[in-house]
Amino acid sequence: YMGEGNRADGIGFLMLATSNTGESGSAGWLGGEEPNVGSALGIGFDNFNNAPHNGDPNNNHLSLHFNGSLIAVQGSPGFDISASQWIRATVKVRPASGGSFVTVTLQAGNTVSTPFNDVFVGGMTAYAHRLGFSGRTGAATSSSYIDNLSSVITRPDGTTLVIGSQDFSPGTGD
């Protein structure tokens, strides 16, 4: 869930390598809505246009990052990610030779979109990880909520690896 107020940069979801961040405690700066972190997969939910400084296409886009690099940007996720609504985000990683395929699917109400569908991420192999979230804002304000988080991990035998699935919900505490 993102909304309530002005558009304010956004949030990021990360799959952090525990070899770099440990299994608990602070992982340091995670990049806000642009999660460019070494040894991590990051998905950015960006609802503020910071262009021309960082190449944002608009104030409603997603970004895919790995190992400190931007892999892909989707400038039109299919609906307004900052419209004060529930958004179900599912991130799937499928191991492959030399890397992994990443798919991100979003659902808001009855609208489903797949901003990243089987995007190949070179060098991303199975690794021990933990989930992280980051967010930031400047002078504007916005609320972001994470609710109903789940993480399912299977053995890397060619089956789909579901990193996380969460409903973003306004302050329910459930």
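Structure shown above.
This text gives an overview of the structure that appears in the document.

So, how was this worked out
Residue positions are given per chain, counted from 1 along the sequence in the order it is written. In keeping with the predicted nature of the model, local features appear solely for residues at pLDDT of at least 70, side-chain atom pairs appear and are counted solely at 80 or more, and the whole-chain, interface and lining totals rest on all residues. Values shown for side chains rest on all heavy atoms present in the structure; no hydrogens or waters enter the calculation. In this description, a nonpolar core means a group of buried Ala, Val, Leu, Ile, Met, Phe, Trp, Tyr and Cys residues linked to one another through side-chain atoms lying within 4.5 Å. Under the scheme applied here, a residue whose accessible area is under 20% of the maximum for its type counts as buried, over 50% as exposed, and between as partly exposed, the area being computed with a 1.4 Å probe on protein chains only. We count a stretch as a helix when DSSP gives it H or I for four or more residues in a row; a strand needs E for two or more, and each element gets its number in order from the N terminus. Pairs of residues are marked as contacts when any of their non-hydrogen atoms sit within 4.5 Å. The criterion for strand pairing is that DSSP finds at least two bridges linking the strands in question. Convention adopted: a line fitted to C-alpha atoms gives each axis, helices being fitted over their contacting stretch, and angles between N-to-C directions are expressed from 0 to 180 degrees. Salt-bridge detection follows one rule: a side-chain nitrogen of Lys or Arg within 4 Å of a carboxyl oxygen of Asp or Glu.

### Focus on the nonpolar core
Thought 1: Leu41, Phe45, Leu64, Val102, Val104, Leu106 and Met124 are the most contacted members of the largest nonpolar core, which totals 25 residues.
Thought 2: Looking at this core, the elements with two or more residues in it are β2 (10–17), β3 (40–46), β4 (61–66), β6 (87–96), β7 (99–108) and β8 (111–122).
Thought 3: Excluding anything up to four places from it in sequence, Val102 contacts Leu41, Leu64, Val91, Lys92, Val93, Phe116, Asn117, Asp118, Val119, Val121 and Met124.
Thought 4: Leu14, Leu16, Leu30 and Val37 belong to the second-largest nonpolar core, a separate cluster that totals five residues.

### Things to note about the pairing of strand β5 (residues 69–74)
Thought 1: Note that β4 and β5 share five bridges and pair antiparallel. Pairing of Leu64 across the sheet is with Ala72, part of β5.
Thought 2: Following β4, the chain reverses through two residues before pairing antiparallel with β5; Asn67 in that reversal takes a positive phi of roughly 55 degrees.

### Quick word on the sheet that holds β5
Sheet strands pair via backbone hydrogen bonds, and the direction of the pair is either parallel or antiparallel.
Thought 1: The strand order across the open sheet formed by five strands is β5-β4-β3-β2-β9, and the pairing between neighbours is antiparallel. Of all strands in the sheet, those bounded by a partner on one side alone are β5 and β9 (129–136). Between one strand axis and the next, the sheet turns through 15 degrees on average, direction left out of account.

### Section: the pattern of salt bridges
Thought 1: On inspection of all chains with the given rule, the structure shows four salt bridges.
Thought 2: Put simply, Arg136 and Glu33 hold a salt bridge, and the shortest N to O gap is 2.8 Å. Here Glu33 lies in the loop between α1 (18–21) and β3 and Arg136 lies in strand β9, a separation of 103 residues in the sequence.
Thought 3: Exposure remark for Arg136: the relative accessible area of 35% places this residue in the partly exposed category.

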